[in-house]
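Chains, contacts and geometry: an overview
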Amino acid sequence: MNTLERLVHRRLEQFPRIKTLITRGYQRALGVLPYTEVIPDFVMSARGCFYGFHDKSPWSADAQHLLAHRTMSPPGNNTALQIGVVAIEDGQFRELGKTSLWSTQQGSELQWCGKQIWYNDKTGSRQTARVIDRTGQALGQYELPVAAIDPAGSRFASYCFARLARSMAGYGYADPALNAQRRATLLVCDTSTGMIQTVFEAPQDTPTTLHVISHTVFSPDGRYLSFYLRKTKARNLFTTQFFVVDTKHNTVKPYPDVTDCSHYTWIGDNEVFAYCRASDPFDWAYRIVEIDTQRCRPIASLAHLTDGHPQYCHATNTIVSDSYPDRQRLQSLYVFDLERDCVDEIARLRIPMQFIGAQRCDFHPRWSHDGRLICIDTAHSGERALTVVRAKPG
């Protein structure tokens, strides 16, 4: 964004519907002008497939397969979504199962747990988590949906995706047949015993305010569980509070220095890299949040970047993130080197206008384990595809 665009964006934050209309008109008008793409080094692309959010990894342990969803229909009541894996070698999709609980942004919360594959589905009116192996053989089921699994695979976080759909289109499960929590509650379930613990309850809703929980992620060592409490008010406005559960001491604390938050990734056992607002003068910016001290510091070298979906790679000490489509519908992919304090744009692709709102296709980048490859969801060709690019040309 340039200076004028940032100013207009900030002025319209209190009027999201008007902001959306102006943004779409602006993009259509400037879309006729010449533009320049940055074409990445493509490795593989599986047409009609996507993975979902940036806070999980679709990569198998041997880096030969990616977890994937496939469908040709938008999400809705009883709309089936295929669950499967895509081979890196040839981009072929192999179906392992189906689910009718999914969203365009987060899919079915499909994820690995060791050699197991987990995803959400429904049993009657209940949201449930199914567990299968790499052949599609059923291994078990939990009577609540999965959101995030801790690194050891010993427990998982859960919240109500039916409630989330009432606040955030494209993130929750908009199935009217589902039972929804009357009060936003964060649960943790023991994978061995099935014992469920309530770790956080949001305040009661009011006639003008709806509370939802989202964006749950465990720290790399499994001690902390971070999440958002979002309060939706009139005109679809919402505010976001960042919370951290310390499972060692059974405490939950908010981070008052983080006054609003969009997306984040853990970059160590005690630090989070987030695009957020804080009590410093930099407004929205990428910052590092220290969990123990609750201190928050902006990263000056990234001041020119806007909101994206970051993911950290321990092997290379780098962060990959993306952008939303700009004035000409160009969507970028960036790699930030924490050691060198520099950022490189490795892709810039034009996204067609039909991918907007809840149907948008964010890159949601996910590192391979060795940091050589990046998996993204793309739509630059005019259809969704699960795509792999090289982090560095070569």
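Let us look at the structure shown here.

What counts and what doesn't
Residues numbered from 1 in each chain as written. Predicted model: local features only at pLDDT ≥ 70, side-chain atom pairs only at ≥ 80, totals over all residues. Heavy atoms only, no water. Phe/Tyr/Trp six-rings, centres within 6.5 Å; stacked < 30°, edge-to-face > 60°. Helix = DSSP H or I, 4+ residues; strand = E, 2+ residues; numbered from the N terminus. Buried < 20%, exposed > 50% of the residue type's maximum accessible area, 1.4 Å probe, protein only. Pairing = 2+ DSSP bridges. 1 Å grid on protein atoms, 1.4 Å probe; cavity = no way out; pocket = protein on both sides within 12 Å on 5 of 7 lines; lining within 4 Å. Points joined across faces, edges and corners; volume = space filled by probe spheres on them. Nonpolar A, V, L, I, M, F, W, Y, C, P; charged D, E, K, R; others polar. Patch = residues over 30% accessible without salt bridge, like charges linked within 9 Å, V, L, I, M, F, W, Y side chains within 5 Å. Areas by Shrake-Rupley, 256 points an atom, 1.4 Å probe, with all protein chains shown as cover. Salt bridge = Lys/Arg side-chain N within 4 Å of Asp/Glu carboxyl O.

Taken as a whole and assessed by the stated rule, the structure comprises 19 aromatic pairs. Between Phe 242 and Tyr 255, the aromatic rings sit 5.5 Å apart at their centres with planes inclined by 65°, giving edge-to-face as the arrangement. With Phe 242 in strand E16 (residues 238-246) and Tyr 255 in the loop between strand E17 (251-254) and strand E18 (258-266), this residue pair connects regions lying 13 residues apart in the sequence. Judged by its relative accessible area of 3%, Phe 242 falls in the buried class. Counting every residue linked through ring pairs, the aromatic cluster contains Phe 273, Tyr 275, Trp 284, Tyr 286 and Phe 336.

Strand order in the open sheet formed by four strands is E2-E3-E4-E5, and the pairing between neighbours is antiparallel. Both edges of this open sheet fall to strand E2 (49-50) and strand E5 (93-99), since each of them pairs with a single strand only. Bridging between strand E3 (residues 65-70) and strand E4 (residues 81-87) involves six bridges; their strand directions are antiparallel. Bridge pairing links His 65 to Ala 87 in E4.

Next up on the list: the layout of surface pockets. Put simply, the second largest pocket is a space of about 1,000 Å³. Considering the residues around the second largest pocket, the lining is formed by 35 residues, among which Asp 55, Lys 56, Ser 57, Pro 151 and Gln 311 are closest to the centre. Secondary-structure elements contributing two or more residues to the lining of the second largest pocket are strand E6 (111-113), strand E10 (148-149), strand E14 (210-218), E18 and strand E22 (311-313). Of the residues in the lining of the second largest pocket, the class split is 18 nonpolar, 14 polar and three charged.

A contiguous nonpolar surface patch, about 260 Å² in accessible area, is contributed by Phe 15, Ile 18 and Ile 22. Position of Ile 22 relative to the elements: it lies in helix H2 (residues 16-30).

The quantities given are spatial measurements derived from coordinates; they are silent on function.
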